[in-house]
Amino acid sequence: MTATQPLRCLLLQVRDPDDPMSGHEVASFERALAPRAVRIEIFDLLGRPLTPGDLEGLDLVLMGGSGAYSAATGGPWFPTALDSLRAVHASGVPAFASCWGFQAMAVAMGGEVVNDRSRSEIGTHSLRLAPAGHDDPVFGHLGAKFKAQMGHEDLVKTLPERATLLASSARVVNQAYRFEDAPVYCTQFHPELDVAGIKARLSAYPRYLAEVTGETYEEIVARLEETPGATRLLTRFVEVFVEE
């Protein structure tokens, strides 16, 4: 494909119909992938399973957050959603997953996710590259340390087989990984969010802040920083795996 053609993207979502962040998530990925033109369609993982036909003709699959749903606790819909993620992994279509997508893809491919509020990370946090990250074509530009936007209380305890660790934080070892047998990258953090984006997420789920962190919105917002290096991961991923 040429750089002038819009990227044909499918965004896999796990969000209720009234979740205000559904459209915001689309806009966030559009902003992060700019100036590349994109055409993003939504696929609801709470509904039917993903089929090979849903993946035909795509340039990129995206996965993001989840609103009210957890990869640690699951639900009746979860086994079907995991089958859909395994279909993405097997398809060969380049895929980038953040937050819930990072956790659910780990479970789908044999890893383990747990809930641990003592290691929750909300707002802008510092990360460091793992040894493999320094030579990685997507992550290598970041340098030894970088910052990213986060909002999680679940975490990946054990990586799947054939997954390579790319980044860690002080609280959580498994912050980013890639698969060695598929063009799939996953991050616990949100490269699609800037400061305005994380503020919108925090505002949409006010109870989450009090329950998980015990801090106020104002306290967390005061520590936010822009994270252009992390955002660059998405366009770099496209350059390496879609436009190669």
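Chains are numbered independently. Their residues run from 1 in the order of the written sequence. Only residues with pLDDT of at least 70 get local features here, since the model is predicted, and only at 80 or more are side-chain atom pairs given and counted; chain-wide, interface and lining totals rely on the full set of residues. Only hydrogens and water are removed before side-chain values are computed, so all heavy atoms of the structure are retained for them.

A. Representation of the packing of helix α1 (residues 21-33) against helix α6 (residues 195-204). Relative to each other, α1 and α6 sit at 170°, their axes nearing to 11 Å. Taken together, α1 and α6 sit at an angle that is classed as roughly antiparallel. Residues M21, H24, E25 and S28 of α1 form the contact with α6, whose own contacting residues are G197, A200, R201 and A204. The class makeup of the residues in the contact of α1 with α6 is three nonpolar, three polar and two charged. Angles run from 0 to 180 degrees between N-to-C directions of axes, and those axes are lines fitted to C-alpha atoms, restricted for helices to the stretch in contact. Each helix is a run of DSSP H or I of at least 4 residues and each strand a run of E of at least 2, with the numbering of both proceeding from the N terminus. To sort the angles, those under 35 degrees are grouped as roughly parallel, those over 145 as roughly antiparallel, those from 65 to 115 as roughly perpendicular, and the leftovers as oblique. In what follows, a contact means two residues having at least one pair of non-hydrogen atoms within 4.5 Å. We call Asp, Glu, Lys and Arg charged. Ala, Val, Leu, Ile, Met, Phe, Trp, Tyr, Cys and Pro are nonpolar, and the rest, Gly among them, are polar.

B. Summary view of helix α3 (residues 78-91). To estimate the expected span of a helix, subtract one from its residue number and multiply by 1.5 Å. Helix length check: α3 (14 residues) gives 20 Å between terminal C-alpha atoms against 20 Å at 1.5 Å per residue, within 8%. Among the residues making up α3, those that are buried are F78, A81, L82, S84, L85, V88 and H89. Projection of α3 onto a plane perpendicular to its axis shows the buried side chains occupying an angular sector of 155°, all on one side. Backbone geometry just after α3 places G92 at a positive phi near 85°. Remark: exposure states derive from per-residue accessible area (1.4 Å probe, protein chains only) relative to the maximum for the residue type, with buried under 20%, exposed over 50%, and partly exposed in between. Working note: the arc is built from the helix axis to C-beta atom directions.

C. Quick peek at the pairing of strand β6 (residues 121-129). A large share of β6 lies buried, amounting to seven of its nine residues. In this scheme, strands are said to pair when DSSP sees at least two bridges between them. Examined bridge by bridge, β6 and strand β7 (residues 145-152) share eight bridges and lie antiparallel to one another. What sits directly across from R128, in β7, is K145. Sheet analysis places β6 next to strand β9 (residues 163-169), joined by three bridges and oriented antiparallel.

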